[in-house]
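A closer look at the structure
Here's the letter readout for the chains.
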Amino acid sequence: MRHSPSDLKPVDRHLADILATVRPLAPLELDLERALGAVLAEDVTAPVDLPPFANSAMDGYAVVAADLAGAPVTLPVTEDVAAGDSVPRAIGPGLAARIMTGAPLPAGADAVVPVEYTDGGTAQVVIHKQVEPGAAIRRAGEDVRVGDVVLPAGTRIGAAQIGMLAGVGRRRVTVRPVPRVAVISTGTELAEPGTPLGYGQIWESNSFMLAAAVREAGGEAFRAGAVTDDPRVFMETLDAQLVRADAVITSGGVSMGAYEPVKEGLSPLGTVRFEKVAMQPGMPQGFGVVGDDQIPIFTLPGNPVSSYVSFVLFVRPALRQMQGLPASLPGTVRAVCSSRLRSPQGRRSYLRAVLTGDTVTPARGQGSHQLAALAAADALIVIPEDVTEIPEGTTVEVIRL
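Treat the numbers as computed from the prediction; the structure is a model and nothing was measured.

**Some remarks on the pattern of salt bridges**
In total, this model carries 21 salt bridges according to the counting rule given. Two residues, Glu79 and Arg89, come together in a salt bridge whose shortest N-O distance is 3.1 Å. Placement of the pair is Glu79 in strand E6 (residues 73-81) and Arg89 in the loop between E6 and strand E7 (96-99), with a sequence separation of 10 residues. Taking the relative accessible area as the measure of exposure, Arg89 reaches 28% and is therefore partly exposed.

Take a look at the structure:
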């Protein structure tokens, strides 16, 4: 079926309409051990200097550096300082203190000699090598000063950020939570992977793929699996998912033919719009809100490549906005296309490809049903709406996957 450009909605406008509807999730306070993957909704500052006191960076001997001139030298060991030592210690000129990594530096000392430079003595120590003042010492506040913003609002919390939060003494933190996303596939022909295929059936892949894409985008996915082409069954499944979802993704059931349960079930609500977007693959799109809580719903086409490309362009930015992060179409890099390409007039094409250095090679299979080409691709070549042919050697815009 041919569509004139005036029939089709621009990609940018479709995303703009989505982002105008989707709202950031309300902040909540989480225990540190549950905050992984969430996005900070507050600036986190240091309540003290880090480190809070000068301490040794390694096992060795705290000394006055000037005493080591003319090394080797022998010094009496007057103190033994362990990590966690709560008794203030001090040494004077001509003396040494045995010290462990992380232990507080004794007053009067200005350097630490690694144990490898010594004979390891306990009553007295022979030091074979001279060190400079400040050697092997972690100064108070050299990592963070009291009052410094260590993690600004809008930071996604990963393992290193969890460590930073714990390091400044935070047990709880205010975040925008990980979006909970329900994923539903439709199609009577779909069989669950691991079960035998009947006549006319295919194994259902979209819900697995889209749930994984949600997790890659920082969300929490609930895969409801596949439902039949009965609109009533679809709506019952959708209602059951709304109690635990911040957003819903469906695949299939939005085209122009018969047996389109998503369109048939949602159209009477009047809160979801089904449109033709000027893109290839993925022209049939739907978006709106459902339920008493006005949950965003993305109704994506059923062909797997169309569904995945639609997720990259529309769902992933919306999930970022729900987390309080900047949201837009994916950024691109420029690369030289290794072969000639064609694209339909009036539609923005997203062609599967492999990016190697500054060269991009289109996949051989560009059909919207061809999962093998998608699985082998790590990029999408973007061809604008007004371009119908790309000669070999042309520099093109590329989205990294």
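Structure's up, so let's keep going.
**Things to note about the layout of surface pockets**
Here the largest pocket defines a volume of roughly 530 Å³. Surrounding the largest pocket, 34 residues form its lining, Asn206, Pro301, Gly302, Asn303 and Pro304 being those nearest its centre. Grouping the constituent residues of the lining of the largest pocket by class yields 13 nonpolar, 16 polar and 5 charged. The calculated volume of the second largest pocket comes to roughly 210 Å³. Contributing to the lining of the second largest pocket are 13 residues, with Leu28, Leu30, Pro177, Val178 and Arg180 lying nearest its centre. Across the lining of the second largest pocket, the residue classes break down as 9 nonpolar, no polar and 4 charged.

**Some details on the sheet that holds strand E12 (residues 172-176)**
Across a sheet, strands are paired by hydrogen bonds formed along the backbone, either parallel or antiparallel in direction. With antiparallel pairing, the 3 strands of this open sheet are ordered in space as E1-E12-E2. Strands with a single pairing partner mark the edges of an open sheet, and in this sheet they are strand E1 (28-31) and strand E2 (39-40).

Cut-off values and rules
- Residues numbered from 1 in each chain as written.
- Predicted model: local features only at pLDDT ≥ 70, side-chain atom pairs only at ≥ 80, totals over all residues.
- Heavy atoms only, no water.
- Salt bridge = Lys/Arg side-chain N within 4 Å of Asp/Glu carboxyl O.
- Helix = DSSP H or I, 4+ residues; strand = E, 2+ residues; numbered from the N terminus.
- Buried < 20%, exposed > 50% of the residue type's maximum accessible area, 1.4 Å probe, protein only.
- 1 Å grid on protein atoms, 1.4 Å probe; cavity = no way out; pocket = protein on both sides within 12 Å on 5 of 7 lines; lining within 4 Å.
- Points joined across faces, edges and corners; volume = space filled by probe spheres on them.
- Nonpolar A, V, L, I, M, F, W, Y, C, P; charged D, E, K, R; others polar.
- Pairing = 2+ DSSP bridges.

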